[in-house]
Amino acid sequence: MKINNKNQTNFTSLTPLDKPLGAFFDKNAIAPIVFIESGVTLLRSKEANKRGGKKEAVDRFVEQGVSAAVWIWGVQALKSFGDKIGKSIFGIDNLNFNIGKDSLRNPVKNNKISSFALGFKASNTIISTFFATYFIGFVLPKISRAISKKMAHKKNQEPVGTISFEEFKNKTKKKDLSFTSLLDKTTYLADIIENNSTARLLLTDSGVVLGRCKNAPNIYRKIENLFRDISSIYFYLFSTNHIVKICNKLSNNTNISPKVLNLVVEELSNKGFSSNKDDFINTAIGVLSDKQKNEIDLLFKDKEVITLEKFLEKFPSYKQKAIDMSNLQPVFNNKHYLSKTQAQDVLKQGVLVNPLFLNKVFNIETKNASSDKFKFVPKKQLDSIRTSIDSFIEQIQKQSKNNITITQIEKIAKKNTYKNFAFYSSATLFSTLVLGIVIPKIQYLITKKLTNKNEFLDD
């Protein structure tokens with residue numbers, strides 16, 4: 001059986017909310033980010049206007065709004081510009097590869113990317129992020145202060161501080177390192193920026209906080225900036241997902257992408273399943289015997305992945321399915337590999353653990369990146385998608401009283417989507433309100449307690 005990894009992107013929507021809900025599951029989607037940043041910018045500007053009038057409102061709107069725009073579009077624009085330089089000046093043909101790697105995927109080694117191309121790609125990622133961080137933390141605060149003072153018709157404006165290229169070059173000059181050592185460090189940092197959202201935010205925010213505090217006109221503004229930026233991290237990065245997770249747990253709902261959910265329903269409808277409640281899970285996703293579980297555990301002892309050859313030594317009768325399953329990721333070092341989850345699925349007999357179906361699911365959910373040898377999709381991400389299928393099948397069984405029908409499955413799927421949309425929307429709105437209203441009120445209260453003044457201290 002040959003796996004087709006190209007452009008498997010057709011699926012039927014069960015509800016009109018599938019597309020907007022899908023944006024919350026797409027790590028590259030900008031719609032949720034634009035929504036929250038727009039809300040935060042407007043709300044913080046409104047709160048600023050209540051305390052400091054037009055002057056503070058303009059200062060906050062410019063700094064918050066431009067910061068958001070730089071993060072949403074500016075970094076990628078800088079990277080694209082850097083790629084053009086790499087291609088036109090340095091003659092690097094292919095920069096369309098990802099730097100990340102794990103036990104199943106390593107685009108750089110797998111495609112024999114040159115050290116020069118890797119170094120350029122990593123440097124471009126770091127430099128683009130650095131310039132964005134430097135601009136937001138060190139330059140933008142001065143610009144916003146100058147604009148707010150001008151619009152408030154205040155005399156004796158402070159000049160916007162600048163830094164010459166020579167000063168910048170001297171300040172950022174590093175000690176000599178060997179090329180290999182420098183490449184390793186650069187690649188490691190670029191990998192974090194490119195593939196670890198938590199580390200990326202903490203890394204860049206530390207630079208932004210440092211810059212904003214350094215450029216604050218007085219100690220009270222430094223304290224305000226420090227409190228606002230640090231307390232915002234949780235609500236920007238974690239709160240929405242935590243709230244959704246709690247809501248799903250309390251309502252016995254599954255946190256599953258609508259695209260994956262639709263494919264699951266479609267596959268069950270096309271391939272069939274046992275309507276008997278007790279047999280449903282076995283025909284849908286399969287069940288391992290205790291012996292099989294122990295054998296897989298021993299095979300993967302202290303290992304995240306094993307070679308296809310090693311798996312077939314233990315389970316030769318599953319050869320074709322194992323080969324198809326190993327083709328869900330690009331060949332690495334001329335060898336085929338299997339993760340523990342994939343090895344378990346090879347032994348299972350459910351219709352939803354068929355390699356062709358899983359390949360379709362992964363390609364649609366990652367926009368074909370999972371089978372692209374130049375792209376990096378973390379094993380953890382694919383395992384999470386795969387686990388969500390199991391969770392939904394278990395949900396169907398729990399919520400069914402008697403025999404299970406496709407009509408009943410569709411009903412549960414639609415209800416699941418509506419709930420998830422409500423949870424994600426409410427959680428995002430909550431995070432926006434905390435970021436835009438609660439945190440500013442607390443930061444203003446701190447200043448009032450310290451100074452006995454409820455005003456914008458800009459001198």
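Right above here is the structure, for reference.
A few points on the structure. (Residues numbered from 1 in each chain as written. Predicted model: local features only at pLDDT ≥ 70, side-chain atom pairs only at ≥ 80, totals over all residues. Heavy atoms only, no water.)

## Structural notes on the overall build of the chain
Right, on to step 1. Helices and strands together make up the secondary structure of the chain, namely 18 helices and two strands.
Right, on to step 2. The 459 residues of the chain split such that 47% are buried.
Right, on to step 3. In the chain, once contacts between residues fewer than 6 apart in sequence are set aside, the share between residues at least 24 apart is 78%. (Helix = DSSP H or I, 4+ residues; strand = E, 2+ residues; numbered from the N terminus. Buried < 20%, exposed > 50% of the residue type's maximum accessible area, 1.4 Å probe, protein only. Contact = heavy atoms within 4.5 Å.)

## Comments concerning helix H1 (residues 18-25)
Right, on to step 1. Restricting attention to buried positions, one finds in H1 the residues Asp 18, Leu 21, Gly 22 and Ala 23.
Right, on to step 2. The inward-facing, buried residues of H1 contact helix H2 (31-88), helix H10 (258-271) and helix H18 (406-451).

## Here we look at the environment of Glu 56
Right, on to step 1. Looking at the element boundaries, Glu 56 is found in helix H2.
Right, on to step 2. Beyond its immediate sequence surroundings of up to four residues, Glu 56 is in contact with Ala 48, Arg 51, Tyr 444 and Phe 456.
Right, on to step 3. For Glu 56, the side chain forms a polar contact with the side chain of Tyr 444, separated by 3.2 Å. (Polar contact = N/O pair within 3.5 Å; in protein donor to acceptor, adjacent residues only side chain to side chain.)

## Here we look at helix H14 (residues 319-326)
Residues separated by three or four positions in an α-helix point in the same direction, a consequence of the helix having 3.6 residues per turn.
Right, on to step 1. Taken together, the buried positions of H14 are Lys 321, Ala 322, Asp 324, Met 325 and Ser 326.
Right, on to step 2. Structurally, H14 contributes buried residues whose contacts are with helix H13 (308-314), strand S2 (337-339), helix H15 (340-347) and helix H16 (355-366).

## Remarks on the packing of H10 against H16
Right, on to step 1. The contact between H10 and H16 brings their axes to 9 Å, and the two run at 155°. By the criterion of interaxial angle, the relationship of H10 to H16 is roughly antiparallel. Along this stretch, H10 crosses H16, giving a crossing that reads as right-handed. Contact residues: H10 offers Lys 259, Val 260, Leu 263, Val 264, Glu 266 and Glu 267, while H16 offers Phe 357, Lys 360, Val 361, Ile 364 and Glu 365.
Right, on to step 2. Here the contact of H10 with H16 is built from residues that sort into six nonpolar, no polar and five charged. (Axes fitted to C-alpha atoms, helices over the stretch in contact; angles between N-to-C directions. Parallel < 35°, antiparallel > 145°, perpendicular 65-115°, else oblique. Left-handed = near helix turned anticlockwise from the far one by under 90°. Nonpolar A, V, L, I, M, F, W, Y, C, P; charged D, E, K, R; others polar.)

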